[in-house]
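If you want the building blocks of each chain, they are given just below.
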Amino acid sequence: MSNLCRDCLTQFETGARCPACRSPRILAHAELNDLSIAHMDCDAFYASVEKRDNPDLRDKAVIVGGGTRGVVSTCCYLARIHGVRSAMPMFQALKLCPDATVVKPRMSVYVETSRAIRALMEELTPAIEPLSLDEAFLDLTGTTRLHGAPPAVMLARLVKRMEDELGLTGSIGLSHNKFLAKIASDLDKPRGFSVIGRAETEAFLRPKPVRIIWGVGTATQAALDSAGIRTIADLLRWDRGDLNARFGQMGERLWHLSRGQDHRRVNRDERLKSISKETTFFDDTSDADLLDGHIWRLSEQVADRAKAKHLSGRTVTLKLKRADFTLITRRHSLTDPTQLTDRIYRCAKDLFEQSANKGPYRLIGVGISDLAPEAEADLNRDLLDPNAPKRAAAERAADAIRARFGKEAIIKGRALR
Amino acid sequence: MKLSIERGTLLKALAQAQSVVERRNTIPILANVLIEAEGANVSFRATDLDIEVLDRAPAMVERAGATTVSAVMLHEIIRKLPDGSLVNLSEDAASGRLTIAAGRSNFSLATLPKEDFPVMASSEYSSNFSAPAPMLRRLFDKAKFAISTEETRYYLNGVYLHVSTGDSGPVLRAVATDGHRLARIDATLPEGAAGMPGVIVPRKTVNELRKLLDDDDATIAVSVSETKVRFATPVITLTSKVIDGTFPDYTRVIPTGNTRRLEVDATEFAKAVDRVATVSSERSRAVKLSLEEDRLILSVNAPDSGAAEEELAVAYQDERLEIGFNAKYLLEIASQVDRENAVFLFNSSGDPTLMREGNDMSAVYVVMPMRV
């Protein structure tokens, strides 16, 4: 049996406490030094950042979320004791936990913190696949000699450094593939470190509900339920061909995953397929001027992102959610890809005007897809819009000013609407 | 209704009607053709609510009447009948079927009541004139390649037919553009057309109209109102709504100060463009034209796929110029030239380029360069 102290990182063979520091927080697993695929998930990330930055909040229930009809983005573990959960409407959360302090999300701080965590992870391996700001897969295969320590030690060191240097806690799942690593990180939250070895994979999965499988949502669950499949054990009884015949591609995946087989690689560069931004209004609106301002700002955010990534998009999509939650999406393919706010905005605006739907709307979104490198962007000019090159040049000039003097240094009047 | 008609005559009359019918439509009656028999004639009427076509043919009418049946099915049946057969159409009101009999073949088709058939409201035409078929054919044929398919700019989805002033007096003018290229075609103004309102004739109408214009000797009666346009031969009447929108002011798009003049054999030019474009990237299709004295070098440099170059002997006496175009646009424009050399007039590599046939100002094309 390999043992590891999570506090002082001492490795030893037997004992319930660390021989060096007497800490009881030890990891013991026969395959501890052989597993190298990990999933790191921060504990109540947004709320933890808020508590770190404002020590007054430390012993209070904190809910991060916003707006009069906002939902809970994240809540700290104190709030979770009262039954508050992510994505719960704010009024309901406050009913459950009236003493909670509600904090508006400070996205830029989270992004910055996420970068710091990323930097720590980069020291372990280049094979990092971020899933969101606060979680990522790491593949540490073949790094033992480089670091002079097995992956488990390096991961324990990573979360320790996150606590010491960034004041944040995270949980680690370590296993032999992504599917199991992700499950493992959730087993022992917060401040957890769970290991699922090859030997116990099947026994571990067997009694679990099928819901544990990534990609099994309400719909799939209902379909599985009607086939009498509730647990992984039920799945294991099915023949591969039968699963395929009944559930198609999903069946094939279920067959593999129920056996703990997952051959997906940890992809550093999940290739971007689209860039989009959306906003939900505080109050439903059908005010054309207000919506126009939103379309402009969203187009600008999309264009900024595209420019930062040196990408451009050929298809512009406008998304509208009406007050009754019906979703309208309209898309238009340009003759050549663009990364300019001006073109994205004009296209989205046309789509909006031709959507022929009455508001009020609760959400509006703008996006580009069918991405192409920026070298292919904005090569064609429009005969009927002779001022377009001037506007494009103005936009580039404004970008240069903003790069030097800050985002607010120069903005369009339209953005103020 | 009961009538008999020669198969060939019937097929011709039905051909135009069935092509107007939309293949995928949700309103059953729109899939049908309205057959009306009276006197010594039978007429076939079909519509997609934007275009209506009415086709007349001589027939031996035994019993006048009217009904509607599936346009596509009736056309298919008639098409498959042997040439020269005499076709009998008879409606059985009791069973609601139309019987088609020819030789030993017998068909019966389900009908829908003629009252359900939407007949396009007739409107007052403010302008009526007649024009020879070859003239209209030229106007639309040379313009239609530039029609836009962009639905967001619906007002470009047709040919703008209007009265204007050309180099030598008033003209009937057809303009089409998609923002990347533009075609402006002029014809002598027919008598009586002077007061015609400008209309945007939709693409589908342009395509349907084409079938009326094949006969060189035909004269087409044209009627125009603010909302509709009608083209009629003695046997076919095509009525269409026009696009409800404002065609952009194209005149400011056509360059007048371009001085660099390239003259080239259009066929040779098109072939060379086509050859070098083979290696261009599928999406941008960029081709570079490098001009110096009496020499044109066409080149493509696509980092992913390769490079190509071809030299052409041309007439060019101005400063050196490098300019890029979408190969597809160049090819389409070059293929409009059928008699003389193509003359290109450039300004700079960022400005619209003008193309015409020799010195003929009655057909002018503009194409926008692209950055290469």
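Scroll up for the structure.
Residue positions within a chain follow its written sequence, with the count starting from 1. Chains carry letters and ligands carry numbers; both start at the beginning, A for chains and 1 for ligands, and go up in the order they are written. Where totals are concerned, whole chains, interfaces and linings use all residues; where local detail is concerned, this predicted model gives features only for residues with pLDDT of at least 70, and gives and counts side-chain atom pairs only at 80 or more. Only hydrogens and water are set aside; all other atoms, that is, all heavy atoms of the structure, feed into the side-chain values.

A.B. asks: Explanation requested: the pairing of strand β23 (residues 321-326) of chain B in the structure shown.
C.D. replies: If a strand is regular, its side chains alternate between the two faces of the sheet. Residues and elements named next belong to chain B. For every residue, the accessible area (1.4 Å probe, protein chains only) is compared with the maximum for its type, and the residue is labelled buried under 20%, exposed over 50%, or partly exposed between those bounds. The numbering of helices and of strands both runs from the N terminus, where a helix is a DSSP run of H or I of at least 4 residues and a strand a run of E of at least 2. Of all six residues making up β23, five are buried, and the element is well covered by its neighbours. The rule for pairing is simple: two strands pair if DSSP sees at least two bridges between them. Bridge analysis of strand β19 (residues 286-292) against β23 gives six bridges, and the strand direction is antiparallel. Its bridge partner lying in β23, S290 is registered against E322.

A.B. asks: Is there a simple way to think about the packing of aromatic side chains in this case?
C.D. replies: Two aromatic rings, drawn from Phe, Tyr or Trp (for Trp, its six-membered ring), form a pair once their centres lie within 6.5 Å of each other, and the interplanar angle then sorts them: stacked below 30 degrees, edge-to-face above 60, tilted otherwise. For the structure on display, the rule yields twelve aromatic pairs over all chains. Judged by centre distance (4.2 Å) and plane angle (10°), the ring pair of Y46(A) and Y110(A) falls under stacked. Highlighted residues: Y46(A) in helix α1 (residues 45-53) and Y110(A) in helix α4 (residues 107-122), separated in sequence by 64 residues. Using a relative accessible area of 16% as the deciding quantity, one classes Y46(A) as buried. A centroid spacing of 5.2 Å and a plane angle of 55° characterise the contact between F269(B) and F344(B), whose relative ring orientation is tilted. Of this pair, F269(B) sits in helix α5 (residues 266-277) while F344(B) is found in strand β24 (residues 342-346), placing the two residues 75 residues apart along the sequence. Both residues of the pair, F269(B) and F344(B), belong to the buried class. Here a set of aromatic residues connected by ring pairs shows up, and it is made of F45(A), Y46(A) and Y110(A). Remark: a charge is flagged as sitting over a ring if the NZ atom of Lys or the CZ atom of Arg is within 6 Å of the ring centre and within 35 degrees of the ring normal. Taking the ring centre of F204(A) as reference, the NZ or CZ of K208(A) above it sits at 4.3 Å. The ring of W214(A) is capped by R264(A), whose NZ or CZ atom sits 5.1 Å from the centre of that ring.

A.B. asks: Whenever I open this one, the interface of chain A and chain B confuses me. Can you help?
C.D. replies: When the parts of a complex come together, some accessible area is lost, and that lost area is often taken as the interface size. Residue contacts are defined here by distance: any two heavy atoms, one from each residue, within 4.5 Å place the two residues in contact. In this complex, chain A contributes 16 residues to the contact, which on the side of chain B involves 23 residues. Two parts placed together each lose some accessible area under a 1.4 Å probe, and adding up what both lose gives the buried area. Interface area for chain A against chain B, summed over the two sides, is near 1,900 Å², with a carbon-plus-sulfur share of 53%. On the chain A side of the interface with chain B, the three residues burying the most area are R381(A), L383(A) and L384(A), jointly 40% of the side's total. Salt bridges are defined as contacts in which a side-chain nitrogen from Lys or Arg sits within 4 Å of a carboxyl oxygen from Asp or Glu. Across the contact surface, chain A and chain B share one salt bridge. Distance and chemistry together define a polar contact, namely a pair of N or O atoms within 3.5 Å, with one atom able to donate a hydrogen and the other to accept it when in protein, and with adjacent residues in sequence counting only for side-chain atoms on both sides. For the pair chain A and chain B, the interface holds eleven residue pairs in polar contact (both at pLDDT 80 or more). Secondary structure elements with two or more residues in the side of chain A that touches chain B: β14 (327-338) and α14 (341-353) of chain A. Under the grouping applied here, Gly and all other residues not named as nonpolar or charged are polar, the nonpolar ones being Ala, Val, Leu, Ile, Met, Phe, Trp, Tyr, Cys and Pro and the charged ones Asp, Glu, Lys and Arg. When grouped by side-chain class, the residues that make up the side of chain A that touches chain B number six nonpolar, four polar and six charged.

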